[in-house]
Amino acid sequence: MIRLLLVDDQSIIRQGIKSLLESQADFDVIGEAENGQQAINQIEALQPDLVLMDVRMPIMDGVAATHIIAKKFPQIKILILTTFDDDEYVSQAIKFGAKGYLLKDTPMDPLANAIRLIDAGHTHLGPGLIEKVITHVSGISPAKNTIMPPELAELTPREKEVLHLIAKGANNKEIAKSLFIAERTVKNHVTSILTRLNLRDRTQAAIFAHSFLYIFEQDKNL
């Protein structure tokens, strides 16, 4: 059972999302909060597995709350669920420790799958959001990167293949199937990639790699 804390300043929205989430047999909404400060207080008392966090809220917004929660409760995962896809919100939320970012119009099945993936230790960004983060952070389009950085050159051919698929949004199971290797082997490659590139998690790897997709597509070894 995945224990969820729902954070949104609009009661009617919370109730609607809660009803949808509790239709899933493996979800349990154990608490609700209407701003970031309340969320922090609820976390101390309830210790949820995952927090679904809105962005714009009074008293303390979701980005600020994410920053505090990620530092104070690193074991608790945060999924931003909001109507706002502003570049700065997305990039700041990921920078501060959110493991996922989705819009509220995401259908129930993809939302449920994202929650399960994040609870299992993966990261998830909604369609088009990786591009927003790249543009906001680097100011350049993936297609404009034509020179391979030293960090990529140091990866093994197999690690480049795995990173290429991460950049395209594939999860470990999909990568394993595509490369005809065991899922455990994929996990080992991902760990090695993060270490070699000095990256914190899979989201950072996806963002980094996505900005060099042109190179991956042109590399005859991939």
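Refer to the structure presented above.
Residues numbered from 1 in each chain as written. Predicted model: local features only at pLDDT ≥ 70, side-chain atom pairs only at ≥ 80, totals over all residues. Heavy atoms only, no water.

Draft legend 1. Fine view of the pairing of strand β1 (residues 2-7). Counting buried residues along β1, five of its six residues qualify, which places the element largely inside the surrounding structure. When β1 meets strand β2 (residues 27-33), the two strands line up parallel, connected through six bridges. Paired with Leu6 across the strands is Glu32, a residue of β2. For the segment spanning β1, helix α1 (residues 11-21) and β2, crossover handedness is right-handed. (Buried < 20%, exposed > 50% of the residue type's maximum accessible area, 1.4 Å probe, protein only. Helix = DSSP H or I, 4+ residues; strand = E, 2+ residues; numbered from the N terminus. Pairing = 2+ DSSP bridges. Right-handed = clockwise from strand over helix to strand, strands pointing away.)

Draft legend 2. Representation of the pattern of salt bridges in the model. On inspection of all chains with the given rule, the structure shows eight salt bridges. Across the salt bridge formed by Arg14 and Glu32, the nearest N and O atoms sit 3.0 Å from each other. In this pair, Arg14 is assigned in helix α1 and Glu32 in strand β2, connecting sequence segments 18 residues apart. Glu159 is the partner of Arg196 in a salt bridge, and the nearest nitrogen-oxygen pair spans 3.1 Å. Here Arg196, found in helix α10 (residues 183-197), pairs with Glu159, found in helix α8 (residues 157-167); they are 37 residues apart in sequence, far enough to count as distant. (Salt bridge = Lys/Arg side-chain N within 4 Å of Asp/Glu carboxyl O.)

Draft legend 3. Representation of helix α3 (residues 62-72) within the structure. For α3, the full list of buried residues reads Gly62, Val63, Ala65, Thr66 and Ile69. Buried residues along α3 cover an arc of 155 degrees about the axis, so they all sit on one side. Near the N-terminus of α3, the side chain that reaches the backbone nitrogen of Val63, with its oxygen 3.0 Å away, is that of Asp61. (Arc of directions from axis to C-beta. Polar contact = N/O pair within 3.5 Å; in protein donor to acceptor, adjacent residues only side chain to side chain.)

Draft legend 4. The arrangement of the sheet that holds β2 in detail. Spatially, β2-β1-β3-β4-β5-β6 is the arrangement adopted by the six strands of the open sheet, whose pairing is parallel. Of all the strands in the sheet, the pair left with one neighbour each is β2 and β6 (124-125). Where strand β5 (residues 100-103) and β6 come together, two bridges link them in parallel fashion. Bridge pairing in β6 links Gly100 to His124. Together, β1, β2 and β3 (50-53) form the strand contacts of helix α2 (residues 36-46), whose direction differs from that of β2 by roughly 130 degrees. In the packing of helix α5 (residues 108-119) onto the sheet, contacts are made with β1, β2, β3, β4 (77-82), β5 and β6, and the angle to β4 comes to roughly 160 degrees. (Contact = heavy atoms within 4.5 Å. Axes fitted to C-alpha atoms, helices over the stretch in contact; angles between N-to-C directions.)

Draft legend 5. Molecular detail of the packing of aromatic side chains. Evaluated as defined, the whole model comprises zero aromatic pairs. Positioned over the ring face of Phe84 is Arg56, at 4.0 Å from the centre of the ring. (Phe/Tyr/Trp six-rings, centres within 6.5 Å; stacked < 30°, edge-to-face > 60°. Lys NZ or Arg CZ within 6 Å of the ring centre and 35° of its normal.)

These results come straight from atomic positions and should not be treated as a statement about function.
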